[in-house]
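If you want the building blocks of each chain, they are given just below.
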Amino acid sequence: MRGRELRGELDAFLAENEQDLVAFRRDLHRHPELAFAEYRTTQRIAERLTAAGLVPSVLPRGTGLICDVGSGDGPTIALRADIDALPLQDEKDVSYRSTDHGACHACGHDVHTTILLGTSVFLAQQAAAGLLPGRVRLIFQPAEELPGGALEVMAHGGISGVDRIFGLHCDPRVDVGQIGLKSGPITSACDKLSIRVKGPGGHTARPHLTADLVFALAKILTELPAALSRRVDPRSSLSLVWGKVEAGTAANAIPDDGLAEGTVRCLDENAWHAAPDLIKALLESVAGAYGVEATMDYTRGVPPVVNDESSVDMFAEAAERALGPGSVVPTQQSLGGEDFAWYLESIPGAFARLGTRTPGGTTYDIHQGTFDVDEQAIGMGVRLMAATALTSLWDSPIPTLDQITNALT
């Protein structure tokens, strides 16, 4: 099935199912669940997959699931959606506003989940008709925002036997009907840094008898990022940005304890691996100059997402087939983190940016309580992911075991 025929099949499928998918997305949006607490979400997905004749397997923690479509001798490709919400207040005045005042789908994971669900049902129909030349692994992943969900999936065989993987993310800067693609790195590494500073406190009238901890902490806050920018290749874009600072309780008392927390982001994988040791050495140097004791807690987050060029080509070909000419637009590497990167350290694949903005309309940024999408993006996403799965199965250069055996005999 190619070109116009595929588009016609998708048109017919969405004409029958798109409104139901929109309703499903709105239900998820009303009932967001945080990382590793996505029990209701998982149950709702499993019910829909089972109704489509599929056999989902819930991950051991009880959140997130994996499900295979098809059983052919061809390659196996995976499609992934993340299902967790953010700990934010929903600030929208809409009928599907979050009913949980401590959680909100402010990053579009409800959209990703709904798109993969619709794609699953469409591919199940294709498999039943004998039109699926291989196997598709559906990964409804928990805890992307933690992060950690991708590693949970991998630990339980989620990408075992998978030849290639694809995922997407809502992009409010791109119009509905367009797909942002980029070969190579498309997101950043993202880690968390926490620094605790200690020293003898005292009265602000006698700073020379103390370590003047607030002053020392201020020097760490300014000198550490500045020194870091001079110690690494600027093309790696290694950056340290503070988000939390705590020290002291009174204007005339120098405290004996202070805290600074921030994030370390990096576009280059080699610089990312070297960052913890480099930051520790710089911290010790700056802290030592001001007579305070500084300890560092460095929490690894995720590496950069690095798109495989051939997989990006498959995405682009699928977009042309399912969405039409001009649907693919270039996109830049961002400093945002995404745990899809862990999959791509093991198997080739690609990550796309799905346009969710109404043409000429408002740009609703992600990780904000006002975030929302043009729901036409759901149908566009189903078209893209279904076409990408089929394109990958049709065109994958990865040989099957049978092909290898035949070549050797």
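Please read these numbers as outputs of a predicted model, since none were measured by experiment. (Residues numbered from 1 in each chain as written. Predicted model: local features only at pLDDT ≥ 70, side-chain atom pairs only at ≥ 80, totals over all residues. Heavy atoms only, no water.)

Participant: Could you give me a rundown of empty space enclosed by the protein, with the residues and numbers involved?
Facilitator: If a probe the size of a water molecule is rolled over the atoms, the empty space left behind becomes visible. Tallied over the entire structure, the rule returns one cavity of 30 Å³ or more. In this structure, the largest cavity occupies an estimated 40 Å³ of space. Lining the largest cavity are Arg-80, Ala-81, His-112, Ile-115, Leu-116, Leu-168 and Met-385. Elements with a minimum of two residues in the lining of the largest cavity: strand S3 (76-82) and helix H3 (109-128). The element that contributes the greatest number of residues to the lining of the largest cavity is H3, accounting for three residues. (1 Å grid on protein atoms, 1.4 Å probe; cavity = no way out; pocket = protein on both sides within 12 Å on 5 of 7 lines; lining within 4 Å. Points joined across faces, edges and corners; volume = space filled by probe spheres on them. Helix = DSSP H or I, 4+ residues; strand = E, 2+ residues; numbered from the N terminus.)

Participant: Now, about helix H7 (residues 309-322): what can you tell me, with residues and values included?
Facilitator: With 14 residues, H7 extends 20 Å from end C-alpha to end C-alpha; this agrees with the ideal 20 Å at 1.5 Å per step. Those residues of H7 not exposed but buried are Ser-311, Val-312, Met-314, Phe-315, Ala-318, Ala-319, Arg-321 and Ala-322. (Expected span 1.5 Å × (residues − 1). Buried < 20%, exposed > 50% of the residue type's maximum accessible area, 1.4 Å probe, protein only.)

Participant: I'd like a rundown of the sheet that holds strand S10 (residues 239-247), residues and numbers included.
Facilitator: With antiparallel pairing, four strands are arranged side by side in an open sheet as S10-S12-S8-S13. Two strands close off the open sheet at either side, each with one partner strand: S10 and strand S13 (293-302). Across this sheet, the average inter-strand angle for adjacent strands is 15°, counted without regard to direction. Sheet analysis places S10 next to strand S12 (residues 257-266), joined by eight bridges and oriented antiparallel. (Pairing = 2+ DSSP bridges. Axes fitted to C-alpha atoms, helices over the stretch in contact; angles between N-to-C directions.)

Participant: Any chance you could break down the environment of Leu-217 for me, citing the residues and the numbers?
Facilitator: Structurally, the position occupied by Leu-217 is in helix H5 (residues 213-231). In this structure, the C-alpha to C-alpha distance between Leu-217 and Val-286, residues 69 residues apart in sequence, is 9.5 Å. Once residues lying within four places of it in the same chain are set aside, the contact partners of Leu-217 are Val-197, Val-245, Glu-246, Ala-247, Gly-258, Leu-259 and Ala-260. (Contact = heavy atoms within 4.5 Å.)

Participant: Describe the sheet that holds strand S15 (residues 328-330), and please don't skip the residues or the numbers.
Facilitator: To summarise the sheet geometry, strands pair through backbone hydrogen bonds and adopt either a parallel or an antiparallel arrangement. One open sheet holds the eight strands; their spatial order is S1-S2-S4-S3-S5-S16-S6-S15, and the pairing between them is mixed. The open sheet terminates on both sides in strands that have one partner only, identified here as strand S1 (57-58) and S15. Of the strand pairs in this sheet, S3 and strand S5 (residues 164-175) are connected by four bridges, and their pairing is parallel. Within S5, the residue paired with Arg-80 across the bridge is Gly-167. Of the strands in this sheet, strand S2 (65-69), S3, strand S4 (135-141), S5 and strand S16 (349-357) touch H3, which is tilted by about 150° from S3. Sheet strands in contact with helix H9 (residues 376-395) are S3, S4, S5, strand S6 (179-181) and S16, and its direction is about 150° off that of S5.

Participant: Which residues make up the pattern of salt bridges, and what are the values?
Facilitator: Scanning the model with the defined rule gives 26 salt bridges in all. In this structure, Glu-47 engages Arg-44 in a salt bridge whose closest nitrogen and oxygen atoms are separated by 3.9 Å. In this pair, Glu-47 and Arg-44 both sit in helix H2 (residues 39-51), three residues apart, roughly one turn of the helix. The class for Glu-47 is partly exposed, based on a relative accessible area of 40%. In this structure, the salt-bridge partner of Arg-61 is Glu-152, at a minimum N-O distance of 3.4 Å. Here Glu-152 lies in helix H4 (residues 149-155) and Arg-61 lies in the loop between S1 and S2, a separation of 91 residues in the sequence. Its relative accessible area of 13% is what places Glu-152 among the buried residues. Several salt bridges converge on common partners, so that one network encompasses Arg-25, Arg-26, Asp-110, Asp-372 and Glu-375. (Salt bridge = Lys/Arg side-chain N within 4 Å of Asp/Glu carboxyl O.)

Participant: Before we move on, could you go through the state of the cysteines and cite the residues and values that matter?
Facilitator: Inspection of the entire model under this criterion finds zero disulfides. We note that Cys-170 lacks a disulfide partner, and the nearest cysteine sulfur, in Cys-107, lies 7.8 Å from it. Take Cys-190: it sits in no disulfide, and the sulfur closest to it among the cysteines is that of Cys-266, at 11 Å. Taking relative accessible area as the criterion, Cys-190 reaches 17% and is therefore assigned buried. (Disulfide = S-S within 2.5 Å.)

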